[in-house]
Amino acid sequence: MARILAPGTTAPDFTLPVTPDQSLSLRDLRGQPVVLAFYPADWSPVCGDQMALYNEVLPEFQKYKAEVLGISVDGPWCHAAFARDRHLHFPLLSDFEPKGALARAYGAYRDKEGVCERALFVIDEKGVIFWSYLSPVAVNPGAEGILEALENLEKKGQSHGQLESSRRAS
Amino acid sequence: MASLRVPVGPADHVLGDEHAPVTLVEYGDYECPHCGHAHPIVKAVRKHFGKQLRFVYRHFPLTQIHPHAESAAEAAEFGGVNGRFWEMHDGIFENQDRLSVPLLTELAEELGLSAEDLAAALDSHEFAPVVKAQFLGGVRSGVNGTPTFFINGYRYDGMNEFEDLVEAIDTALAERQSEPKRVG
């Protein structure tokens, strides 16, 4: 298995297609938590599908103001058809050309199969990886790890805030 | 290992002996074909283990891919407050291929419940908070698709076929039996 980037690492920036004619950069999302969900391929069986699950849990992620991005090596037209079919309400990025370059940068590429790992990253408001998780590729990791990380990130932000205000007070 | 965050309690829909050594919890979606497939298997598994197995069903509707899953779950809860949860549950799964609001009201009528009351409850989403709470509990427990089973609190990641479930429950039973008996 790959070694994915660990917490504390600055998240490698990227600009990737999000639709056939639009792209998205990580740096545009500074100031809010970002969830990167690398997954092997679109069109996995419906009821156990990781993206369908995140779609359903989206309101919970949004409570933490988190932006969720799905990433695979599928092309933008494939993503568009997949997102339409599954009624996905969050962006899917195409790590398509050069193939898997972003996944490699995060240590989440499977050379043998030529697809992304099932790897999750929660990136903080400043662009630093706060939490990461590599799931066995056949196991949908669910949403619990992400929610717990977002909760901890929020708590950390609050305690920092308190620390700073107590410093100012003293 | 993913484990159940919401213990089985009085709010649950439970079949079987409360002192059974093994509890099987299913998070399911009434429109999910895999759950439909698992439905008779769960029945067979319950029959196989008899008093040794307690079964709990909780809702996990994937509403964006299954447009009728939410109303079906709410209809089952409507059945529940009228003492007919399991009849609604069976009726929905057994007619999964023609799941719709008219089917749900038809099932209610067959059970002697008011179709108008059910229609009103679905309109007002009276039971949506119950369904939502179960869904969120499932998310926090690591439910990653439907159906997801938990055996004595731990997520089961095997195949949802009779032999596989029986084997996993046998293992849980053996673990229970090898625990030292509590004195007093």
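Check the entry above for the structure.
This one's a predicted model, so the numbers in the text were calculated from it and none came from an experiment.

1. Overview of the overall build of chain A
The secondary structure content of chain A amounts to four helices and nine strands. Taken from the N to the C terminus, the helices and strands of chain A come in the order β-β-β-α-β-α-β-α-β-β-β-β-α. Relative to the 2.2 N^0.38 estimate, which gives 15 Å for 170 residues, the radius of gyration of chain A is 16 Å and therefore close to what a compact globule would have. Across its three principal axes, chain A shows a C-alpha extent of roughly 55 × 30 × 30 Å. When burial is assessed residue by residue, chain A has 39% of its 170 residues classed as buried. For chain A, long-range pairs separated by at least 24 residues make up 66% of all intrachain contacts whose partners lie at least 6 apart in sequence.

2. Topic: the interface of chain A and chain B
At the junction of the two partners, chain A supplies 18 residues and chain B supplies 16 residues. Top element by residues in the side of chain A that touches chain B is helix α1 (residues 50-63) of chain A. It accounts for six residues. Split by residue class, the side of chain A that touches chain B holds eight nonpolar, five polar and five charged.

3. Some remarks on the sheet that holds strand β4 (residues 148-151) of chain B
One key point about sheets: their strands pair by backbone hydrogen bonds, in either a parallel or an antiparallel sense. Residues and elements named next belong to chain B. On the basis of which strands lie adjacent, the open sheet formed by five strands has the order β1-β3-β2-β4-β5 and mixed pairing. Edge strands, defined here as strands with exactly one partner in the open sheet, are β1 (13-15) and β5 (154-156). Across this sheet, the average inter-strand angle for adjacent strands is 25 degrees, counted without regard to direction. In the sheet, strand β2 (residues 22-28) pairs with strand β3 (residues 53-59) via seven bridges, with the strands oriented parallel. Its bridge partner being in β3, E26 is matched across the sheet by Y57. Relative to β2, helix α7 (residues 162-178) is tilted by about 145 degrees, and along the sheet it contacts β2, β3, β4 and β5.

4. Here we look at the environment of B:L103
Residue and element names in this part refer to chain B. With respect to the secondary-structure elements, L103 resides in helix α4 (residues 101-110). Spatially, the C-alpha atoms of L103 and E116 are 13 Å apart, while their sequence positions differ by 13 residues. Filtering out sequence-adjacent residues up to four positions away, L103 remains in contact with N95 and R98.

5. Notes on the nonpolar core
Counting residues in each nonpolar core, the largest one holds 93 residues, and the members touching the most others are A:A37, A:F38 and B:I169. No other element matches the six residues that helix α2 (residues 69-81) of chain B contributes to this core. Leave out the neighbours within four places in its chain, and A:A37 touches A:Q50, A:Y54, A:V68, A:L69, A:G70, A:I71 and A:L120.

6. With respect to unusual backbone geometry
Glycine aside, the phi torsion of most residues is negative, and most peptide linkages are trans. Going from A:E97 to A:P98, the amide bond is cis rather than trans, its omega being -10 degrees. The residue A:P98 is located in the loop between β5 (92-94) and α3 (101-105) in this model. Of note, the bond from B:T146 into B:P147 is cis; its omega dihedral lies within 30 degrees of zero at -5 degrees. The residue B:P147 is located in the loop between α6 (128-140) and β4 in this model. Although it is not a glycine, B:H125 sits at a positive phi angle of roughly 50 degrees. Among the secondary structure elements, B:H125 is positioned in the loop between α5 (115-124) and α6.

7. What to know about the sheet that holds strand β9 (residues 129-135) of chain A
Residues and elements named next belong to chain A. The five strands are arranged β5-β4-β3-β8-β9 in an open sheet whose pairing can be described as mixed. Among the strands making up the open sheet, the edge pair consists of β5 and β9. When the angles between neighbouring strand axes are averaged without regard to direction, this sheet yields 20 degrees. Here strand β3 (residues 34-38) runs beside strand β4 (residues 67-72); their pairing, made up of five bridges, is parallel. Along β4, the bridge assignment pairs F38 with I71. With respect to the sheet, α1 is in contact with β3 and β4, its orientation differing from that of β4 by roughly 165 degrees.

8. Notes on the packing of α2(B) against α5(B)
All names here are of chain B. Close contact between α2 and α5 brings their axes to 10 Å; oriented N to C, the two are set at 130 degrees. Between α2 and α5, the interaxial angle falls into the category oblique. In this structure, the crossing between α2 and α5 has a hand that is right-handed. The segment α2 lies against α5, with S71, E74, A75 and F78 engaging L118, A121 and L122. A breakdown of the residues in the contact of α2 with α5 according to their chemical character gives five nonpolar, one polar and one charged.

Cut-offs and rules
Residues numbered from 1 in each chain as written. Chains lettered and ligands numbered in written order. Predicted model: local features only at pLDDT ≥ 70, side-chain atom pairs only at ≥ 80, totals over all residues. Helix = DSSP H or I, 4+ residues; strand = E, 2+ residues; numbered from the N terminus. Rg over C-alpha atoms; globule rule 2.2 N^0.38 Å. Buried ≥ 20, exposed ≤ 12 C-beta atoms within 10 Å, placed from the backbone. Contact = placed C-beta atoms within 7 Å. Nonpolar A, V, L, I, M, F, W, Y, C, P; charged D, E, K, R; others polar. Pairing = 2+ DSSP bridges. Axes fitted to C-alpha atoms, helices over the stretch in contact; angles between N-to-C directions. Core = buried A, V, L, I, M, F, W, Y, C linked by C-beta atoms within 7 Å. Parallel < 35°, antiparallel > 145°, perpendicular 65-115°, else oblique. Left-handed = near helix turned anticlockwise from the far one by under 90°.

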